[in-house]
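# Coordinate inspection notes
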Amino acid sequence: MNNNVPVNIGIEEDDRKSIAEGLCRLLADTYTLYLKTHYFHWNVTGSLFNSLHLMFEQQYTELALAVDSIAERIRTLGYTAPGSYSQYAELSSIEETREVPEALEMVRLLVEGNEAVVRTARSIFSVVEKANDESTADLLTQRMSLHEKTAWMLRSIL
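Remember, predicted model here, so these are calculated numbers, not experimental data.

### A few points about the overall build of the chain
- Along its length, the chain carries five helices and zero strands.
- Taken over the C-alpha trace, the chain has a radius of gyration of 17 Å; the compact-globule value for 158 residues is 15 Å, and the two agree within 12%.
- Classification of the 158 residues of the chain by burial places 46% in the buried group.
- Across the chain, contacts joining residues at least 24 apart in sequence account for 80% of those joining residues at least 6 apart.
- Surface summary for the chain: the accessible area is close to 8800 Å², and the carbon and sulfur share equals 51%.
- Of note, the chain has its 14 positive side-chain charges centred 1 Å away from the centre of its 23 negative side-chain charges.

### Describing the side chain of His 41
- Counting through the fold element by element, His 41 comes out in helix 1 (residues 13-43).
- A residue is classified by how much of its surface remains accessible, and His 41, at 6% relative accessible area, is buried.
- Excluding its chain neighbours within four sequence positions, the residues that come into contact with His 41 are His 53, Phe 56, Glu 57 and Tyr 60.

### Structural notes on the packing of aromatic side chains
- Following the criterion strictly, the structure yields five aromatic pairs and no others.
- Each ring, one from Tyr 34 and one from Tyr 60, has its centre 6.2 Å from the other, and the planes form 80°; the classification is edge-to-face. With Tyr 34 in helix 1 and Tyr 60 in helix 2 (residues 49-76), this pair connects stretches of sequence that are 26 residues apart. The residues Tyr 34 and Tyr 60 share a single accessibility class, namely buried.
- One aromatic cluster is present, built from ring pairs that chain together Tyr 31, Tyr 34, Tyr 60 and Tyr 88.

### Some thoughts on the pattern of salt bridges
- Inspection of the entire model under this criterion finds nine salt bridges.
- Across the salt bridge formed by Arg 108 and Glu 112, the nearest N and O atoms sit 2.2 Å from each other. On the criterion of helical spacing, the pair formed by Arg 108 and Glu 112 is a turn pair, its members being four residues apart in helix 4 (residues 103-130).
- On the accessibility criterion, Glu 112 (40% relative accessible area) is partly exposed.
- Between Arg 155 and Glu 115 there is a salt bridge, and its shortest N-O distance comes to 2.4 Å. A residue pair is termed long-range when its members are at least 10 positions apart, and Arg 155 in helix 5 (residues 134-155) and Glu 115 in helix 4 qualify at 40 residues.

### Observations concerning helix 2
- Taking 1.5 Å per residue, 28 residues should reach 40 Å; helix 2 reaches 40 Å between its end C-alpha atoms and fits that length.
- Regarding helix 2, the residues found buried are Leu 52, Phe 56, Gln 59, Tyr 60, Leu 63, Ala 66, Val 67, Ile 70, Ala 71, Arg 73 and Ile 74.
- On its buried face, helix 2 sits against helix 1, helix 4 and helix 5.
- Immediately downstream of helix 2, the backbone of Gly 78 shows phi near 100°, a positive value.

### Side note on the nonpolar core
- Counting residues in hydrophobic clusters, the biggest one holds 45 residues, and the most contacted among them are Ile 19, Leu 23, Leu 26, Phe 56, Ile 74 and Leu 140.
- At the level of secondary structure, the elements contributing two or more residues to this core comprise helix 1, helix 2, helix 4 and helix 5.
- Among the elements that take part in this core, helix 4 stands out by supplying 14 residues, more than any other.
- Apart from the residues within four sequence positions on either side, Ile 74 is in contact with Ala 20, Leu 23, Cys 24, Leu 27, Tyr 79, Thr 80, Ala 81 and Pro 82.

### Re the environment of Met 153
- Counting through the fold element by element, Met 153 comes out in helix 5.
- Separated by 82 residues in the primary sequence, Met 153 and Ala 71 have C-alpha atoms spaced 26 Å apart.

Basis of the calculations
Residues numbered from 1 in each chain as written. Predicted model: local features only at pLDDT ≥ 70, side-chain atom pairs only at ≥ 80, totals over all residues. Heavy atoms only, no water. Helix = DSSP H or I, 4+ residues; strand = E, 2+ residues; numbered from the N terminus. Rg over C-alpha atoms; globule rule 2.2 N^0.38 Å. Buried < 20%, exposed > 50% of the residue type's maximum accessible area, 1.4 Å probe, protein only. Contact = heavy atoms within 4.5 Å. Areas by Shrake-Rupley, 256 points an atom, 1.4 Å probe, with all protein chains shown as cover. Lys, Arg positive; Asp, Glu negative; His and termini not counted. Charge placed at Lys NZ, Arg CZ, Asp CG, Glu CD. Phe/Tyr/Trp six-rings, centres within 6.5 Å; stacked < 30°, edge-to-face > 60°. Salt bridge = Lys/Arg side-chain N within 4 Å of Asp/Glu carboxyl O. Expected span 1.5 Å × (residues − 1). Core = buried A, V, L, I, M, F, W, Y, C linked by side-chain atoms within 4.5 Å.

Scope: geometric values only; no functional claims are made or implied.
Quick look at the structure:
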């Protein structure tokens, strides 16, 4: 937190800190899912190549925008957003994929990743609601809705 200019947005310091910590986990999950989705986009093969290649591109493009929104909310609350691979590895609930799985395994792993993001977002809600932080609640609701829908669409392929 920048102590030179206090943040006075109607949310107590302890609540802002707890919310920012939760958002850091959400940012790490989102960025890890972005990397995984982009990796699969580059490396997908097989009869589903064209449809998955395009679907993965749409998904990683949306995720790239999402990480910015999440990081900016952390900054708005007065905290520093994590930005290193080691920080993301420490904070994320999503495991990285080092090998190149078959196309349908990629889809399954992306279902798991999207569901993990939803769980992380949902885990922050209690402190967000307690603090009456409508801005973060709106961000979380949007992220959850998108990831639930993405998981459903991917699950429909399996």
